Amino acid sequence: MADLILSANFDHADDFYADLLEAHEGLERQDSDALNARLILVLANHIGDNNILKQAIKAAALQKNEPS
């Protein structure tokens, strides 16, 4: 069983973030949300491991509850 990697694990993270922001430029909130949903599904399909995806959901849900 594989575990979710939570430490930095890819090169050029800033470039990815810039590309993501660019993809959202000019979009209305509803369209931006739809883009995010499609991106999540594309990446989930690429990962293809339901256990890893469950870990990712849990990790993301925990992040919103942590104090700033």
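That block above? That's the structure.
Sequence order sets the numbering: in each chain, residues are counted from 1 along the sequence as written. The predicted nature of this model means local features are confined to residues of pLDDT at least 70 and side-chain atom pairs, given and counted, to a pLDDT of 80 or more, with totals for whole chains, interfaces and linings taken over all residues. To get the side-chain values, take all heavy atoms of the structure and skip hydrogens and water.

Asks: Could you give an account of the overall build of the chain, with specific residues and numbers?
Replies: Runs of H or I in DSSP of at least four residues are treated as helices and runs of E of at least two as strands, each being numbered from the N terminus. The helix and strand inventory of the chain stands at 3 helices and 0 strands. The secondary structure elements of the chain, listed N-terminal to C-terminal, are α-α-α. When a residue's accessible area, from a 1.4 Å probe over protein chains only, is under 20% of the maximum for its type it is buried; when over 50% it is exposed; and in between it is partly exposed. In the chain, which comprises 68 residues, the proportion classed as buried is 9%. Carbon and sulfur atoms provide 56% of the accessible area of the chain, an area that totals close to 6,200 Å². Surface accessibility follows the Shrake-Rupley procedure with a 1.4 Å probe radius. Residue values consider only the protein chains on display as shielding.

Asks: Give me the packing of aromatic side chains: which residues, what numbers.
Replies: Centres within 6.5 Å make a pair out of two Phe, Tyr or Trp rings, where for Trp the six-membered ring is used; the pair is then stacked when the planes are under 30 degrees apart, edge-to-face when over 60, and tilted otherwise. Summed over the entire model, instances satisfying the criterion amount to 1 aromatic pair. Between the aromatic rings of Phe-10 and Phe-16, the centroid separation amounts to 6.0 Å while the plane-to-plane angle is 90°, which identifies the pairing as edge-to-face. By relative accessible area, Phe-10 is classed as exposed at 51%.

Asks: Lay out the pattern of salt bridges with the relevant residues and their values.
Replies: In the sections that follow, a salt bridge refers to a side-chain nitrogen of Lys or Arg positioned within 4 Å of a carboxyl oxygen of Asp or Glu. Across all of its chains, the model carries 1 salt bridge by this definition. In this structure, Arg-29 and Asp-33 form a salt bridge, with 3.1 Å as the shortest nitrogen-oxygen distance. Placement of both Arg-29 and Asp-33 in helix H2 (residues 29–47) is noted, with a separation of 4 residues, approximately one turn of the helix.

Asks: Describe in detail H2, supporting the description with residues and values.
Replies: Compared with an ideal rise of 1.5 Å per residue, which puts 19 residues at 27 Å, H2 spans 27 Å between its outermost C-alpha atoms and is within 8% of the ideal. Listing the buried residues of H2 in full gives Ser-32, Leu-35 and Ala-44. All buried residues of H2 project into a common sector of 165° when viewed along the axis, lining one side. Of the exposed residues in H2, the ones pointing more than 90 degrees away from its buried face are Gln-30, Leu-41, Val-42 and Asn-45. Of the residues one or two after H2, Gly-48 is the one with positive phi, at around 70°. Here the expected length of a helix is defined as 1.5 Å per residue gap, with one fewer gap than residues. The arc under discussion is defined with respect to the helix axis, by the directions toward the C-beta atoms.

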